[in-house]
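Observations on chain architecture
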Amino acid sequence: MEPAGLLAAYERMAVIRRTEKAAHDLFLHGLVKGTTHLAAGQEAIAVGASAALRPDDYVFATYRGHHHALARGATPEECLAELMSRATGLCRAKGGSMHLTKAATGMLGSYAIVGSHLPMAVGAAWSARLRGTEQLAVAFFGDGATNIGAFHESLNLAAVWKLPVLFVCENNLYMEYTPIADVTAVPRPAADRAPAYGIPGEVVDGNDVVAVAEAVGRLAARARAGDGPAVLEAETYRHFGHSRADPATYRPAEEVERWLKHDPLDLARGRLAELGIGAEAVAEADERARAVVERAIEAAKAAPPPDLREALTDVWADGGAAWRT
Amino acid sequence: MADVITYRDAVAEGIAREMRRDASVVCLGEDIGAAGGVFKTTVGLHKEFGPGRVWDTPISEQAIVGAAMGAALTGMRPVAEIMFSDFLACCWDYLANEIPKVRYMTGGQVTVPLVVRTANGGGLGFGAQHSQATENWALTVPGLKIAAPATPADVIGMLAAAIRSDDPVVFFEHKALLATKGTPPPPGHLVELGRAAVVREGADVTLVALASMVPLALRAADVLSGEGIEAEVIDLRSLVPLDTATVLASLSRTSRLVTVEENPYQGGWGATVVSVVADEGFGLLDAPVRRVTGECVPLPFADALEEQVVPTVDKVVTAVRRLAAY
């Protein structure tokens, strides 16, 4: 990654980290309702992959998808307004934390049924093939999704149709509250299964934004060349529990400590230093990230609530919700 | 084109007409390609349009419908086949959680212009896991349109409407009707979803039916006519949108209502029809409403046993006689 690209990636990760912290704090202040599944600690996967993708590629994500939405074109203001049930929210306050979507930039949704979006990414890649474009589809999913049927159906179909789709597993070691290793028959839940479908399964340090960008770039080029899908298993760790309700007390303290020392932002700072980017430039990036998120928080707070008529719109393509004539 | 066309052939014809006029229409499903479909409802498509537009899939219902959704989100108009409607349960997440909700929960950012076709209902002796009438499953989900044609012409006209729809449509083709024949419709034939048809006029009772229950209701109406009872028969054609206006208008002429459904009484679409009538047309009624439905059992294998648990001409005639005497 070029120095300027890495600095931009670092700044994007800093924005995501601060947006996640804001979501956490706003929840404590009663301004965010429902639940959130924070991705703090996993920023390098979304940002690294995005650095390697083209603007017109498609992305499908999960209920833990704030980082993907932010990496793929959604602004902190749109996201926080959505979490705070404001009219200016990314999905006009009808989606919420688990469904952040920005179709205009190819961020085709965050889906909250585990693994359900994997076949959709296969379909988007199929569509790209049918339309003769060089677009790629990427499905980001957690380790828990590797044990549902749709994962296996998707890998097989993508492989037999040789579609340009990347399956990027964010392996954060825990399937909700349970260690993935306790409930999975192979050590690498995504990568180990890929060879069974005749496709590559690679493992990457998911906290190293450069390593992720390189791996995604390589697999993306391969897919665009017509060589078919691939699985990338990115090893990472979430700083928070599974959801708002989970203090994550089941995690061994030494494990948490080890992973917090392997933080994506720290790693990126180290990479920047190696490339000769000075501490001043990094501090400026941090300051810009802080200012962007602060402005987003204030703007979201000031935004109006949704028009109540919104409840009965957007079921059908005509905008309405009528089920009878 | 021949003077008559079967319901089965009408399916392939209806899809072919749309594939000819719109390059974004593509098909996917199990055995739909060179094999022409297990019900022979896609015969000729693979030959005319090739493997680039008619795709054979593995037995992977989640991947079929999920991929159709992904394609629909990105500029295509996929027509997915789920072989037997019982198998919709294998991909129910897509029909209950993903496809119908994504437009709403993204604040209208995306639409899902896809069709899921499936062979519905009993009558062919396939046993409990290949014989259910499942249109009532889809009826419980906000965000799905539901089509269930009864004639070859409607198959073609409603497929045109379904495939051109910017909203997702579950298209129930009835197995017991596949061999039935009718007049092929002219080019460009389109039957808008949400328009019921009065297929027989009558002044004494309104029979509301769907798919294979339409010819059954018509046969019952012939029997009743011999007894001096003239039944008006309405083919609903689609359940969402539901044409309640045609039902209420018919009741204003007949004042008596019987719904005829293959699915079980519990949760059946007839319950929705009669509840609308109770809400908005109570004053039109001169008698209680009656629902002729399937029994709440899995479909048995033997013809004689199946006959016991699905609506028959006799059951409809009996229900109407009682109502006429009320």
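Residues numbered from 1 in each chain as written. Chains lettered and ligands numbered in written order. Predicted model: local features only at pLDDT ≥ 70, side-chain atom pairs only at ≥ 80, totals over all residues. Heavy atoms only, no water.

**A word on the packing of helix 5 (residues 118-131) of chain A against helix 3 (residues 61-73) of chain B**
In plain terms, the rule: Here an angle of 0 to 180 degrees is reported between the N-to-C directions of two axes, which are lines fitted to C-alpha atoms, with helices fitted over the stretch in contact. Strands are runs of DSSP state E lasting at least 2 residues, helices are runs of H or I lasting at least 4, and numbering of each runs from the N terminus. Roughly parallel means an angle under 35 degrees; roughly antiparallel, over 145; roughly perpendicular, 65 to 115; everything else is oblique. Here a crossing is taken to be left-handed if its near helix is turned anticlockwise relative to the far helix by less than a right angle, and right-handed if that turn runs clockwise. Here a residue-residue contact requires only that any non-hydrogen atoms of the pair lie within 4.5 Å. Just so you know the grouping, Ala, Val, Leu, Ile, Met, Phe, Trp, Tyr, Cys and Pro go in nonpolar, Asp, Glu, Lys and Arg go in charged, and all remaining residues, Gly too, go in polar.
Contact geometry of helix 5 of chain A with helix 3 of chain B gives a least axis separation of 6 Å together with a crossing angle of 55°. When the axis of helix 5 of chain A is compared with that of helix 3 of chain B, the two are oblique. Helix 3 of chain B is crossed by helix 5 of chain A, and the crossing has right-handed handedness. Between helix 5 of chain A and helix 3 of chain B, the residues in contact are A:P119, A:M120, A:G123, A:A124, A:W126 and A:S127 and B:Q62, B:A63, B:G66, B:A67, B:M69, B:G70 and B:A71, respectively. In terms of residue class, the contact of helix 5 of chain A with helix 3 of chain B is made up of eight nonpolar, five polar and no charged.

**A short note on the pairing of strand 3 (residues 137-142) of chain A**
All names here are of chain A. Quick reminder of the rule: Residue burial is assigned from relative accessible area. The probe radius is 1.4 Å, only protein chains are included, and a residue is buried under 20% of its type maximum, exposed over 50%, and partly exposed in between. Strand pairing is assigned whenever DSSP detects at least two bridges linking the two strands. We call a crossover right-handed when, viewed with the strands running away from us, the connection from the first strand over the helix to the second turns clockwise.
Across the six residues that make up strand 3, a large majority, five, are buried. Of the strand pairs in this sheet, strand 3 and strand 4 (residues 165-171) are connected by six bridges, and their pairing is parallel. When the sheet's bridge partners are listed, A137 is paired in strand 4 with V165. Crossover strand 3 to strand 4 through helix 6 (residues 149-160) is right-handed.

**Thoughts on the layout of surface pockets**
All names here are of chain B. In plain terms, the rule: Definitions used for this entry: grid spacing 1 Å over protein atoms alone; cavity, a set of points where a 1.4 Å probe fits but cannot get out; pocket, an open set with protein on both sides within 12 Å along at least 5 of 7 lines; lining residue, one with an atom within 4 Å of a point. Grid points are joined across faces, edges and corners, and a volume is the space filled by probe spheres set on the points.
In this structure, the largest pocket occupies an estimated 350 Å³ of space. If you trace the largest pocket, you find 18 residues lining it, with G123, A176, L216, E306 and V310 closest to the centre. Counting only elements with at least two residues in the lining of the largest pocket, the list comes to helix 8 (213-226) and helix 11 (303-309). If you tally residues by element for the lining of the largest pocket, the top one is helix 8, at four residues.

**Section: the pairing of strand 4 (residues 77-84) of chain B**
All names here are of chain B. Of all the eight residues making up strand 4, eight are buried; the element is thus mostly covered by neighbouring parts of the structure. Of the pairings in the sheet, the one linking strand 2 (residues 25-29) to strand 4 comprises five bridges and is parallel in character. Bridging across to strand 4, V26 finds its partner in P78.

**Quick notes on helix 5 of chain A**
Rules: A helix is expected to reach a length of 1.5 Å times the quantity of its residues less one.
If you check helix 5 of chain A, its first and last C-alpha atoms are 20 Å apart, about what 14 residues at 1.5 Å a residue would give, namely 20 Å. Phi for A:G132, located one or two positions after helix 5 of chain A, is positive at around 70°.

**Let's talk about the interface of chain A and chain B**
Heads up, the condition is: What counts as buried area is the accessible surface, traced by a 1.4 Å probe, that two parts surrender upon association, with contributions from both included. Here, a salt bridge means any side-chain nitrogen of Lys or Arg that lies within 4 Å of a carboxyl oxygen of Asp or Glu.
Of the residues lining the interface, 43 residues belong to chain A; the matching set on chain B comes to 51 residues. In total, about 3800 Å² of surface goes out of reach between chain A and chain B, with carbon and sulfur atoms giving 64% of it. Viewed at the interface, chain B and chain A are joined by two salt bridges. A:R324 is paired through a salt bridge with B:E280; the nearest N and O atoms lie 2.7 Å apart.

**Brief notes about helix 7 (residues 152-164) of chain B**
In an α-helix, one turn spans 3.6 residues; hence positions three or four apart end up facing the same way. Residues and elements named next belong to chain B. The terminal C-alpha atoms of helix 7 lie 18 Å apart, and with 13 residues this matches the ideal 18 Å at 1.5 Å per residue to within 8%. Across the 13 residues of helix 7, 11 count as buried, placing the element largely inside the fold. Among all positions of helix 7, only P152, D154, V155, I156, G157, M158, L159, A160, A161, A162 and I163 are buried.

**Things to note about empty space enclosed by the protein**
One simple way to see leftover space: roll a probe sized like a water molecule over the atoms. This model, assessed by the stated rule, comprises four cavities of 30 Å³ or more. Volume-wise, the largest cavity comes out at about 80 Å³. In this structure, the largest cavity is lined by 13 residues; those nearest its centre are B:N120, B:E135, B:H174, B:L210 and B:A211. For the lining of the largest cavity, the elements supplying multiple residues, two or more each, are strand 7 (169-174) and strand 13 (257-264) of chain B. Its residues placed into classes, the lining of the largest cavity shows seven nonpolar, three polar and three charged. Around the second largest cavity, the lining residues are A:T19, A:E20, A:A23, A:H66, A:L70, A:C79, A:L80, A:L83 and A:L100. Elements that contribute at least two residues to the lining of the second largest cavity include exactly helix 1 (3-28), helix 3 (66-71) and helix 4 (76-83) of chain A. For the lining of the second largest cavity, the residue count by class is six nonpolar, two polar and one charged.

**Overview of the pattern of salt bridges**
Under the counting rule described, the total for this entry stands at 35 salt bridges over all chains. Its salt-bridge partner being A:R92, residue A:D314 comes within 3.4 Å of it at the nearest N-O pair. Taken together, the residues A:D314 in the segment after helix 10 (279-302) and A:R92 in the loop between helix 4 and strand 2 (107-111) connect sequence positions 222 residues apart. The salt bridge involving B:R321 is made with B:E227; its shortest N-O contact spans 2.7 Å.

**Observations concerning the UniProt feature "domain: Transketolase-like pyrimidine-binding" (unreviewed entry) in chain B**
What counts is decided by this rule: UniProt positions are given in the numbering used here, feature names are shortened, and annotations may be inferred rather than shown by experiment.
UniProt feature "domain: Transketolase-like pyrimidine-binding" (unreviewed entry): in the numbering of this structure it lies at residues 5-180 of chain B. Helix and strand shares over residues 5-180 of chain B are 35% and 19% respectively, and the end C-alpha atoms of the span are 8 Å apart.

**Topic: the sheet that holds strand 13 of chain B**
Residue and element names in this part refer to chain B. Strand order in the open sheet made by the five strands is 9-11-10-13-14, with mixed pairing throughout. If you trace the sheet from one side to the other, it starts and ends with strand 9 (197-200) and strand 14 (290-294), each paired once. Shown here is a sheet whose adjacent strand axes are inclined to one another by a mean of 25°, direction ignored. Pairing analysis gives three bridges linking strand 9 to strand 11 (residues 231-235), with the strands arranged antiparallel. Each bridged residue has a counterpart across the sheet, and for R200 the counterpart in strand 11 is V233.

**A word on the nonpolar core**
Condition: To form a nonpolar core, buried Ala, Val, Leu, Ile, Met, Phe, Trp, Tyr and Cys residues must be joined to one another through side-chain atoms within 4.5 Å.
Counting 119 residues, the largest nonpolar core has A:F60, A:F141, A:F167, B:M69 and B:L236 as the members making the most contacts within it. Ignoring anything within four residues of it in the chain, the contact list for A:F141 reads A:T62, A:H117, A:L118, A:T146, A:F151, A:F167, A:V168, A:C169, A:E170 and A:A190. Judged by nonpolar contacts, the second largest core, of 65 residues, contains A:A46, A:A49, A:L90 and A:V282.

**So, the UniProt feature "domain: Dehydrogenase E1 component" (unreviewed entry) in chain A**
The sites that carry the UniProt feature "domain: Dehydrogenase E1 component" (unreviewed entry) are, in the present numbering, residues 11-307 of chain A. Within the segment residues 11-307 of chain A, helix and strand shares are 44% and 13% respectively, and the terminal C-alpha atoms sit 35 Å apart.

**Details of the state of the cysteines**
Residues and elements named next belong to chain A. Rules: Disulfides are defined in this document as cysteine sulfur pairs within 2.5 Å.
Evaluated as defined, the whole model comprises zero disulfides over all chains. Free cysteine: C91, not disulfide-bonded; nearest cysteine sulfur from C79 at 8.6 Å. Since its relative accessible area comes to 0%, C91 is described here as buried.

**Quick notes on the packing of helix 1 of chain A against helix 4 of chain A**
All names here are of chain A. In the contact formed by helix 1 and helix 4, the axes pass within 11 Å of each other and the chain directions differ by 20°. Classified by the angle between their axes, helix 1 and helix 4 sit roughly parallel to one another. Crossing of helix 1 over helix 4 shows right-handed handedness. Contacts from V15, T19, A22, A23 and L26 in helix 1 reach P76, L80 and L83 in helix 4. In the contact of helix 1 with helix 4, the residues fall into seven nonpolar, one polar and no charged.

**Concerning the sheet that holds strand 2 of chain A**
All names here are of chain A. In space, the six strands of this open sheet follow the order 2-1-3-4-8-7, with parallel pairing throughout. At either end of the open sheet lies a strand with only one pairing partner, and these are strand 2 and strand 7 (201-205). In this sheet, adjacent strand axes meet at a mean angle of 20° when their direction is disregarded. As judged from the three bridges shared by strand 1 (residues 58-62) and strand 3, these two strands associate in the parallel manner. In the sheet register, V59 faces strand 3, and the bridge partner there is V138.

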